[in-house]
Amino acid sequence: MDMDVVVMGEPLVEFSADRALTEAETFRLSFSGDALNVAVAAASAGARTALVTLLGEDEFGARLIRFAGSRGVDTRWMVSGPGSTGAYAVGADPSGTRAFAYMRHGSAASRLSAADLPGSPVADARVLVLSGITAALSDSCDAAVRAAARAATGLVVYDPNYRSRLTGPEAATATLAAVAPHTALLKISAPGDSLALLGTADPEETARRVRRLGAPAVAVTLGADGVLLDTGEFADLVPAVPAPVIVDQTGAGDNFTGALAAWLARGASLLDAVRAGTAAASISLAGQGGTGRVADTLEIESLLAETVSGA
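Summarised in this report is the structure supplied together with it. (Residues numbered from 1 in each chain as written. Predicted model: local features only at pLDDT ≥ 70, side-chain atom pairs only at ≥ 80, totals over all residues. Heavy atoms only, no water.)

Take the nonpolar core next. Residues Val5 and Ile300 are the most contacted members of the largest nonpolar core, which totals 54 residues. Here the element with the most residues in this core is helix α8 (residues 252-265); it accounts for nine residues. The residues contacting Ile300, other than those within four sequence positions of it, are Ala45, Ala259, Trp263, Ala276, Ala279, Ala280, Ile283 and Ala295. Judged by nonpolar contacts, the second largest core, of 42 residues, contains Met8, Ala125, Ala135 and Val218. (Core = buried A, V, L, I, M, F, W, Y, C linked by side-chain atoms within 4.5 Å. Buried < 20%, exposed > 50% of the residue type's maximum accessible area, 1.4 Å probe, protein only. Helix = DSSP H or I, 4+ residues; strand = E, 2+ residues; numbered from the N terminus. Contact = heavy atoms within 4.5 Å.)

Side-chain pairs of opposite charge can arise whenever the charged atoms involved come near each other. Inspection of the entire model under this criterion finds 14 salt bridges. Close ionic contact of Asp159 with Lys187 constitutes a salt bridge, the shortest N to O distance being 2.8 Å. One end of the pair, Asp159, is in strand β10 (residues 155-159); the other, Lys187, is in strand β11 (residues 185-189), with 28 residues separating them in the sequence. For the residue pair Asp159 and Lys187, the accessibility class agrees, reading buried in each case. A network of salt bridges, in which partner residues are shared, links Asp2, Asp4, Arg48 and Arg126. (Salt bridge = Lys/Arg side-chain N within 4 Å of Asp/Glu carboxyl O.)

Below you can see the structure in the form of structure tokens.
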């Protein structure tokens, strides 16, 4: 179980449409979810990657396992059992804003608990990636996220990834506060996460408040404005890498996290890992869905080199 990156969370079946969900009649089937997106991105970036999750004993669960395996993810800890495989539908309104409808209440992954951690590679991973989305699925999932953060012997990366349709700000903030002291890096978006959980949209203040919770380093993602990396010793604004092609922004943040985790697992500095993440996120914009376009190591390094030479 010598894993570079381990992700714990719920992969999802995705039904996507190019019209509003209130009007759409035709949907495209694919696979996504923050945990799957991160795992696929890390594997594509060269990391030995495992996904720890529970899936339903149904056709979609079996397809998800095959899909993850085909993308280089170790599927030994994608376990089938009671409950259904989670899914969501995503559509666009006339202005182009994407809307999500989740079908994951009572899903198999919502039964994940701390009892599922022994025997998994969670504690021994070089980098463990955890998410507030996973914690929001159920009380047992929240306890599993907290237990995994405490048990990890490697680096922990946590993304609160706040979703108001899954949880409220009070519960999400409580989990953030509990996990933060166990992290090596806490990734948070501003204003998307920070306004709801910390009461501020200011990137510098967001970093300060997260560090006061006990996180030694914070990466505040700012969309097209880049990423503010605050380690306590220094604070750098890492510019976003211009996207060669823009098709869809779904999963860009997850691709950022997956590449970042892969770089950390190979011993890169936080700053270099964040730079790699920005390049991976940029490349991912050329695909449809969270796993539609995933960068490999050479592509990430090439885009970073192009960006430096063109600066």
